[in-house]
Amino acid sequence: MEKLKNGGRYLAQTTPFILSNTIIIVPYLLYIHLINGEIPITVLPFVLFYTLRMTGIFLIRGIQRSIEKYTLLMLALLVGAAGSIFSLLGTIYFPFYLVGAIGLGLSGAWLPPANVTVNFYEKNQGYLVMNGQKYLAALGLLVPLILSLTAKLRLQLVLVPIVYTLYFIWAYFAVLRYPHYELDFKGISKNLLSVRELFWFGLFFGLLFLLRSARALFEEDILNLAILAFCVFFIFAVFLLHRWKSRWQLPGWQNGLSFLAGSCGNFLFLFGTFYVAVVYGKEALTRQLFLPYLIGMMTALFFGARLRRRFSEQPLWFHLMGLVVSLALMLTPLFSLAVGLLAFFRQSTSTWLNQVYGRTTSLAESQRITAKYATNNRGSIVQQFFLMLLILFFLQRAGLPANELFFLTNLHSSAPSVVLVMEQVKLWSCVTLIFLLLMIGSLKKCD
């Protein structure tokens, strides 16, 4: 019994790592199955989860002066557990899904940066939260989650929330056993709110809510409104960035690479879904996109640091060139290989940036990793709207109706005109990202 307990505790120690690396995709896949275009409420769980997952980091940065790293991590785990439980109850009464989506969306925004921050702190104190053996244990613990995600839909809607709830509970008690665990409320400030970060939260929440609602409900007017509002915001943001440049606390290349890492991640996942569905067929998504993405990401976790050490004198250029080569490979027939390679370098870049931000002295310790994730998410949101603009532009240029955008994931290679549109979007997206990545190298030379 004692060996079983110790084994259970050992496995439980990997659950914060598992959750922080799967919370972006698991609820996404769960809630997207609920969507029925004829019943508007079925869209809301997916929209609420996605929007809060992307914008919740700005909310926490708006009140970050009052939240310490362990407090944020435990809050993310509790909110996530509640979200999983309400998602399970949603199988009985659908509105519970809305509460569950809010909980998992906020947890998805807070858990990854909080977990990274705590891991850095524990490592600096001499305790390694994850090591090689625990990574292998995490792979084993992923099996129940993968099996539940591949079950029939009605069974999946029950099994996934149950497995996720168990993981959240195990993670909560695992963190309680960290050697340096401590909840600290002594630093609570009287000035709790940061108006600028709450402004970003409100703005991005509204824009993404409109965009995702429009696509899920097939409403062209809402989509046009969301894109028009984004264009106005983008022009305004460029003006503000120019004025605020002198106030930046971090080097331009660091902000820029964080922004583009988020853009590359969104391009890989969102555009990849569109492209594979149109060119290879929706049934090929797992083989052509999700499996290479997962292999690339997991390979980066095991071998990314080792490869980077070989280029330790120039780690920035290692990541820049890796991302550039991956995007260039996207323009060849080797799409699946490019997906895996881009996922590898995107994950490796993100891990390295965590270390760079962790050593940044110009920011308070509690703000370093959340600053990186906030910049990541800005890049992801901007790239998402840029992608929608490109698709709409090339659809119009090809003489196709704008509402084709709503059905991209249901099309296949028998629609050659749409295939050509997606090839053009891929070309311009990759060229734009490559150009911006090369500019990061120029910024580094100027710093």
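Residues numbered from 1 in each chain as written. Predicted model: local features only at pLDDT ≥ 70, side-chain atom pairs only at ≥ 80, totals over all residues. Heavy atoms only, no water.

Engineer: Hey, could you run me through the nonpolar core in this one?
Structural biologist: Nonpolar side chains tend toward joint burial in soluble globular proteins. Grouped together as the largest cluster of nonpolar side chains are 116 residues, with contacts concentrated most on Y31, L77, Y164, F168, L257, L327 and M330. It is helix α11 (residues 252-279) that provides the largest number of residues to this core, a total of 15 residues. When neighbours within four sequence positions are excluded, Y164 is seen to be in contact with L19, T22, I23, V26, P27, S84, L104 and L145. (Core = buried A, V, L, I, M, F, W, Y, C linked by side-chain atoms within 4.5 Å. Buried < 20%, exposed > 50% of the residue type's maximum accessible area, 1.4 Å probe, protein only. Helix = DSSP H or I, 4+ residues; strand = E, 2+ residues; numbered from the N terminus. Contact = heavy atoms within 4.5 Å.)

Engineer: What exactly am I supposed to notice about the packing of aromatic side chains here?
Structural biologist: For any two aromatic rings, the description comes down to two numbers: the centre-to-centre distance and the angle of the planes. In this structure the tally under the stated criterion is 23 aromatic pairs. A centroid spacing of 6.4 Å and a plane angle of 85° characterise the contact between Y31 and Y97, whose relative ring orientation is edge-to-face. With Y31 in helix α3 (residues 26-32) and Y97 in helix α6 (residues 96-124), this residue pair connects regions lying 66 residues apart in the sequence. Accessibility classification places Y31 together with Y97 in one group, the buried group. Both rings, one in Y280 and one in F335, keep their centres 6.5 Å apart while their planes meet at 40°; by these two values the pair is tilted. Note that Y280 is positioned in the loop between α11 and α12 (285-310) and F335 in helix α14 (residues 335-358), a separation of 55 residues in sequence. By the ring-pair criterion, three or more aromatic residues cluster together here, those being Y28, F46, Y50, F269 and Y293. In this structure, R53 is placed above the aromatic ring of Y50, and the distance from its NZ or CZ to the ring centre is 5.9 Å. Positioned above the aromatic ring of Y373, the side-chain terminus of K372 is 4.3 Å from the ring centre. (Phe/Tyr/Trp six-rings, centres within 6.5 Å; stacked < 30°, edge-to-face > 60°. Lys NZ or Arg CZ within 6 Å of the ring centre and 35° of its normal.)

Engineer: Got a minute to help me understand the confidence of the model for the chain in this structure?
Structural biologist: With 75% of its residues at a pLDDT of 70 or more, the chain has an overall mean of 77. Here helix α10 (residues 220-244) is the element of the chain with the lowest mean pLDDT, 54, and helix α13 (residues 315-329) is the one with the highest, 91. With pLDDT under 50 throughout, residues 187-193 is counted as low confidence; its partners more than four residues away or in other chains account for 11 contacts. (pLDDT = per-residue confidence, 0-100.)

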